[in-house]
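# Reading the structure
Listed below, chain by chain, are the residues.
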Amino acid sequence: MLRRLIFAAAIISSAAVCLPAAGLAQQEPVNPAPSAQPATPAPSAEPAPPAMTAPGATTAPATPAQPQAAPEASSTPGAEAAAPAAEPSAVELNLPHDLSPWGMFMAADIVVKGVMIGLAFASLVTWTVWLAKSLELAGAVMRARRAVAIIVGARSLSEASRQLNGRGGAGALLLRAAEQEVEMSAAAIDHAKGDGLKERVSSRLSRIEAQAGRRMSRGTGVLATIGSTAPFVGLFGTVWGIMNAFIGISESQTTNLAVVAPGIAEALLATALGLVAAIPAVVIYNVFARSITGYRQVLADASAGVERLVSRDLDFRHLPVRAAA
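Residues numbered from 1 in each chain as written. Predicted model: local features only at pLDDT ≥ 70, side-chain atom pairs only at ≥ 80, totals over all residues. Heavy atoms only, no water.

### Focus: the pattern of salt bridges
Counted under the stated rule, the structure contains three salt bridges. Here Arg200 ties to Glu181 by a salt bridge, and the two come within 3.0 Å at their closest N and O atoms. Linking Arg200 in helix α8 (residues 195–217) with Glu181 in helix α6 (residues 170–184), this pair joins segments that are 19 residues apart in sequence. Note on Arg200: relative accessible area 37%, which makes it partly exposed. Put simply, Arg204 and Glu181 hold a salt bridge, and the shortest N to O gap is 3.4 Å. Of this pair, Arg204 sits in helix α8 while Glu181 sits in helix α6, and the two are 23 residues apart along the sequence. Note on Arg204: relative accessible area 28%, which makes it partly exposed. (Salt bridge = Lys/Arg side-chain N within 4 Å of Asp/Glu carboxyl O. Helix = DSSP H or I, 4+ residues; strand = E, 2+ residues; numbered from the N terminus. Buried < 20%, exposed > 50% of the residue type's maximum accessible area, 1.4 Å probe, protein only.)

This is how it looks when you write it as structure tokens:
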């Protein structure tokens, strides 16, 4: 009986010691060790149940579980930021820095360079012809109109010849040709009618008109040639440049803009030069065509005036002296 009482008292005393220690382990906070990256906190260890001990033995309080340190970061933030920066820098080094017209011309293929030089020369020829023919046509039209005014106001062929003496131009040439034909036919005028003289004068005047028109049209044919062929020459340069661009893509096995852009830029430059050479050539040719047509009309007026003077002189030649005076 006494032994049972002593054994029960030992059990009660050991339980009274273990319960406060377990409560202390639950109330103590867990401080996780600092780490470079936030880690998920480990679950807190549950208190172990009190162990059965022999009467009179003391039990040590349970030690709280220490959280495991989170693994350190495998790489630093600077290394991650430096990795993507390497690719843009490489692309930037491969991109062409000079896409100006001169830079594209210097970087172009030899065939594209030849096309560009030819189109630039064609444009230079166009503007040279425009300047030269504009001055020539303006002077010729001015002289022809002055001659028409003198011929229309003259009463006879000799009077018009005196007023146009020493002047140049197609109008003065028409008048001198008619005067020369009259002098060559003077011996036959009194024995034959004047119809033959009129036909010969008209024939010479028509030939002089045609010759003056051809002389004024000289040089405009190259404008028509440039206007019709320059776009196709530029298109040839475009096709060649695009072909070089595709060849560069196949050789580099990439569709990077640095590989495609130079060939396409050269192709577009060749097309632009073709249009620059063709459009002014077509416009200037049409302007000259209208101006030369107007010049021929002025020469036709001068020729008609000369024919009237010759016909008038023939009519007055058969009149008596008093009536003619």
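Right, picking up where we left off after that structure.
### Considering the packing of aromatic side chains
With the rule as written, the count across this model stands at two aromatic pairs. A ring pair is formed by Trp127 and Trp130, whose centres lie 5.8 Å apart and whose planes are at 85 degrees; its orientation type is edge-to-face. Here the residue Trp127 and the residue Trp130 both occupy positions in helix α4 (residues 110–153), the gap between them amounting to three residues, near one helical turn. Judged by its relative accessible area of 43%, Trp127 falls in the partly exposed class. Relative to Trp240, the ring of Phe236 has its centre 6.1 Å away and its plane inclined at 45 degrees; by these criteria the two rings are tilted. Of the two residues, Phe236 and Trp240 are both situated in helix α9 (residues 221–252); the distance of four residues between them amounts to about one turn of the helix. (Phe/Tyr/Trp six-rings, centres within 6.5 Å; stacked < 30°, edge-to-face > 60°.)

### Digging into the confidence of the model for the protein
Looking at the protein, the pLDDT average stands at 73 and 64% of residues meet or exceed 70. For the protein, per-element mean pLDDT is lowest for helix α2 (residues 77–94), which scores 43, and highest for α4, which scores 92. (pLDDT = per-residue confidence, 0-100.)

### Some details on the side chain of Thr220
Counting through the fold element by element, Thr220 comes out in the loop between α8 and α9. Taking relative accessible area as the criterion, Thr220 reaches 9% and is therefore assigned buried. If sequence neighbours within four positions are ignored, Thr220 has contacts with Tyr285, Phe288 and Ile292. (Contact = heavy atoms within 4.5 Å.)

### Comments concerning the packing of α4 against α9
Relative to each other, α4 and α9 sit at 160 degrees, their axes nearing to 10 Å. Comparing the axis directions of α4 and α9 gives the class roughly antiparallel. Crossing geometry of α4 relative to α9 is assigned as left-handed. Counting all contacts with α4, which are made through Val111, Val112, Val115, Leu119, Ala122, Val125, Thr126 and Val129, the residues of α9 involved are Val222, Leu223, Ile226, Ala230, Val233, Gly234, Phe236, Gly237, Trp240 and Gly241. Residues belonging to the contact of α4 with α9 are distributed by class as follows: 14 nonpolar, four polar and no charged. (Axes fitted to C-alpha atoms, helices over the stretch in contact; angles between N-to-C directions. Parallel < 35°, antiparallel > 145°, perpendicular 65-115°, else oblique. Left-handed = near helix turned anticlockwise from the far one by under 90°. Nonpolar A, V, L, I, M, F, W, Y, C, P; charged D, E, K, R; others polar.)

### A short note on α6
In a regular helix each residue adds 1.5 Å, so 15 residues correspond to 21 Å; α6 covers 21 Å between its end C-alpha atoms and thus fits that length. For α6, every residue scored as buried is listed here: Ala170, Gly171, Ala172, Leu174, Leu175, Ala177, Ala178 and Glu181. (Expected span 1.5 Å × (residues − 1).)

### Thoughts on the environment of Val129
Note on placement: Val129 falls in helix α4. It is 7.5 Å that separates the C-alpha atoms of Val129 and Thr220, two residues lying 91 residues apart in sequence. With residues up to four places along the chain from it excluded, the contact list for Val129 reads Ser134, Gly219, Val222, Leu223 and Phe288.

### Topic: the nonpolar core
Ranked by size, the top nonpolar core spans 37 residues in total, and within it Leu137, Leu157, Leu175, Tyr295, Val306 and Val310 carry the most contacts. Breaking this core down by element, the ones donating at least two residues are α4, α5 (157–163), α6, α8 and α10 (257–317). Membership of the second largest hydrophobic core comes to eight residues, among which are Val115, Leu119, Ile226 and Ala278. (Core = buried A, V, L, I, M, F, W, Y, C linked by side-chain atoms within 4.5 Å.)

### Notes on a positive patch on the surface
A grouping of Arg207, Arg214, Arg215, Arg218 and Arg296 is seen on the molecular surface, where their side chains present a positively charged patch. The leading source of residues in the positive patch is α8, at three residues. Take Arg215: it is sitting in helix α8. When its relative accessible area of 37% is taken as the criterion, Arg215 is described as partly exposed. (Patch = residues over 30% accessible without salt bridge, like charges linked within 9 Å, V, L, I, M, F, W, Y side chains within 5 Å. Areas by Shrake-Rupley, 256 points an atom, 1.4 Å probe, with all protein chains shown as cover. Lys, Arg positive; Asp, Glu negative; His and termini not counted. Charge placed at Lys NZ, Arg CZ, Asp CG, Glu CD.)

### What to know about the side chain of Thr238
Mapping Thr238 onto the fold places it in helix α9. Here Thr238 falls in the buried class, since its relative accessible area comes to 12%.

### Description of the packing of α6 against α8
Running from amino to carboxyl end, α6 crosses α8 at an angle of 155 degrees, the nearest separation of the two axes being 10 Å. Between α6 and α8, the crossing angle belongs to the class labelled roughly antiparallel. Crossing handedness for the pair α6 and α8: right-handed. Touching Ala170, Leu173, Leu174, Ala177, Ala178, Gln180, Glu181 and Val182 of α6 are Leu197, Arg200, Val201, Arg204, Leu205, Ile208, Glu209 and Ala212, all from α8. Of the residues assigned to the contact of α6 with α8, the class counts are 11 nonpolar, one polar and four charged.

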